[in-house]
Amino acid sequence: DGHSGGWAFVQRWREADKQASRTQLGSCGHASDFDRDMYDGRGSGSPGHRTPNHRPSSSFDMAALKQPVFETLERLEREIEERHRVVVEERAAVHLQKQEQQRLREELITLRAELEATHAANVKASYGVFSYCYRPPDERAIEIEARRERRAAIANYAKEAFEEADENDDRELTLEELRQIEGDNAEIVMMEADVNGDGVLSKREYVNYKIFVAKQAGKQARKNFKAADFNNDKELTLEELREIEGDMADQVMREADVDNSGLLSKREYVDYKIRQAAHGALTMR
């Protein structure tokens, strides 16, 4: 009978609380039951003689009564901590899953642009001597469209990540909230993205920062590609890639070669470096 036992405990607690209140009132100069007994002569000592320093001993052991409460609170605290740990782990797993989905979306943007450029070149070649009659899609137009799509994808992902980390919905990210999506890079991101220096990030600050980082990475990647493309064929072999990626060349080739040609076009390499800068280190395939 957990219910009857619990009710008995509540009754004992209330009685103890009343007794403590009466004792406290007596010590504050108010007439308690014990004080009235002293004046009426029913207490110990001379009739009518008040002994304010004497107090009746409580029949309840307050420490014993409080102990179950403390144990319950400690158990609840442990349960809350465990649930919080599970929630944090689940949230991290969901974030990684979303990050992988974002990577695939951006890879598809790169792959589509590659296929469009290849298709245009093949169609032109099929015309033979009449190729001058065929005007293929402009390579620059294809690249501009791909960049626009990629930028929009990065911005949308940054907005979603921001909203996911903004636990209290105050439209700002503290350093602790930022760690949920940036991990060990949170301090650097906060320092570089906090334009107004208020110690938190607004959604605009965070999104603009991610776009800026991606843009800068793209510029540097184009320079590196040009330096490594020794024969100017607009593709990098694994050996050429090692000139700029070193020991990471094999991994970069595996992750950046979206059309599985065994070579990296400028678009493939640049887009890969942009994905890395925008989303951090990605899962090896």
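For the structure, see preceding data.
Residues numbered from 1 in each chain as written. Predicted model: local features only at pLDDT ≥ 70, side-chain atom pairs only at ≥ 80, totals over all residues. Heavy atoms only, no water.

Student: Would you take a moment to explain the packing of helix 6 (residues 186-193) against helix 7 (residues 203-228) for this structure?
Tutor: A pair of packed helices is characterised by two quantities: the angle between their axes and the separation of those axes. Running from N to C, helix 6 and helix 7 point in directions that differ by 100°, and their axes come no closer than 10 Å. Classified by the angle between their axes, helix 6 and helix 7 sit roughly perpendicular to one another. Contacts between helix 6 and helix 7 involve Val 189, Glu 192 and Ala 193 from the first element and Glu 205, Tyr 206 and Tyr 209 from the second. Residues of the contact of helix 6 with helix 7, tallied by class, amount to four nonpolar, no polar and two charged. (Axes fitted to C-alpha atoms, helices over the stretch in contact; angles between N-to-C directions. Helix = DSSP H or I, 4+ residues; strand = E, 2+ residues; numbered from the N terminus. Parallel < 35°, antiparallel > 145°, perpendicular 65-115°, else oblique. Contact = heavy atoms within 4.5 Å. Nonpolar A, V, L, I, M, F, W, Y, C, P; charged D, E, K, R; others polar.)

Student: I would appreciate a short explanation of the pattern of salt bridges in the present structure.
Tutor: For side chains of opposite charge, pairing can occur when their charged atoms come near one another. Using the criterion set out here, one finds 17 salt bridges in the structure. One salt bridge in this structure joins Glu 82 and Arg 85, with 2.4 Å as the shortest N-O distance. On the criterion of helical spacing, the pair formed by Glu 82 and Arg 85 is a turn pair, its members being three residues apart in helix 3 (residues 62-126). Glu 82 sits in the partly exposed class, given a relative accessible area of 39%. With relative accessibility at 38%, the residue Arg 85 sits in the partly exposed group. We note a salt bridge from Glu 114 to Arg 267, for which the minimum N-O separation is 2.6 Å. Within this pair, whereas Glu 114 is found in helix 3, its partner Arg 267 is found in helix 10 (residues 266-279), the two being separated by 153 residues in sequence. Note on accessibility: Glu 114 and Arg 267 belong to one class, buried. Look at the salt bridges and you will find they share partners, linking Glu 114, Glu 143, Arg 147 and Arg 267 into a network. (Salt bridge = Lys/Arg side-chain N within 4 Å of Asp/Glu carboxyl O. Buried < 20%, exposed > 50% of the residue type's maximum accessible area, 1.4 Å probe, protein only.)

Student: For this particular structure, what's the right way to read the nonpolar core?
Tutor: Burial of nonpolar side chains together is a common tendency in soluble globular proteins. Counting residues in hydrophobic clusters, the biggest one holds 18 residues, and the most contacted among them are Leu 173, Leu 178, Ile 181, Val 189, Leu 201 and Tyr 206. Elements with a minimum of two residues in this core: helix 4 (139-165), helix 5 (175-182), helix 6 and helix 7. Residues contacting Leu 173, with those up to four places away along its chain left out, are Phe 162, Ala 165, Asp 166, Leu 178, Ile 181, Met 190, Val 200 and Leu 201. Among the nonpolar cores identified, the runner-up in size contains 17 residues, and Ala 214, Ala 228, Ala 256 and Ala 278 belong to it. (Core = buried A, V, L, I, M, F, W, Y, C linked by side-chain atoms within 4.5 Å.)

Student: Quick question: what am I supposed to make of the packing of aromatic side chains here?
Tutor: Here a ring pair, both rings aromatic, is described through the centre-centre distance and the interplanar angle of the planes. Here the structure, examined in full by the defined rule, presents two aromatic pairs. An angle of 40° between the planes, with centres 6.3 Å apart, marks the rings of Phe 225 and Tyr 269 as tilted. Of this pair, Phe 225 sits in helix 7 while Tyr 269 sits in helix 10, and the two are 44 residues apart along the sequence. Taken individually, Phe 225 and Tyr 269 each receive the classification buried, so the pair is uniform in this respect. (Phe/Tyr/Trp six-rings, centres within 6.5 Å; stacked < 30°, edge-to-face > 60°.)

Student: Hey, could you run me through helix 5 in this one?
Tutor: A turn of α-helix holds 3.6 residues, and therefore any two residues three or four places apart point the same way. For helix 5, the set of buried residues is Glu 177, Leu 178, Ile 181 and Glu 182. Mapping the buried residues of helix 5 onto a view down its axis gives an arc of 125°, with all of them on the same face. Buried residues in helix 5 make contact with helix 3, helix 4, strand 1 (172-173), helix 6, strand 2 (201-202) and helix 7. Count one or two residues on from helix 5 and you reach Gly 183, which has phi positive near 60°. (Arc of directions from axis to C-beta.)

Student: Explanation requested: the environment of Gln 220 in the structure shown.
Tutor: Along the chain, the position of Gln 220 falls in helix 7. As a C-alpha pair, Gln 220 and Val 270 span 50 residues in sequence and 8.5 Å in three-dimensional space.

Student: Teacher, can you tell me more about helix 8 (residues 238-245) here?
Tutor: Listing the buried residues of helix 8 in full gives Glu 240, Leu 241 and Glu 245. One face of helix 8 carries all of its buried residues, which in axial projection span an arc of 125°. The exposed set on the far side of helix 8, more than 90 degrees from its buried face, consists of Glu 239 and Glu 243. In this structure, the buried residues of helix 8 make contact with helix 7, strand 3 (235-236), helix 9 (249-256), strand 4 (264-265) and helix 10. Of the residues one or two after helix 8, Gly 246 is the one with positive phi, at around 60°.

Student: Help me understand the side chain of Glu 268, please; the structure alone is not making it clear to me.
Tutor: Summarising the element assignment, Glu 268 is placed in helix 10. Notably, Glu 268 is buried but unbridged: the nearest opposite-charge side chain belongs to Arg 267, and the N-O separation is 8.2 Å. Only 3.0 Å separates the side chain of Glu 268 from the backbone nitrogen of Ser 265, close enough to count as a polar contact. Setting aside anything within four residues of it in sequence, one finds Glu 268 in contact with Thr 110, Glu 114, Ala 256, Asp 257, Val 258, Asp 259 and Leu 263. (Lys, Arg positive; Asp, Glu negative; His and termini not counted. Polar contact = N/O pair within 3.5 Å; in protein donor to acceptor, adjacent residues only side chain to side chain.)

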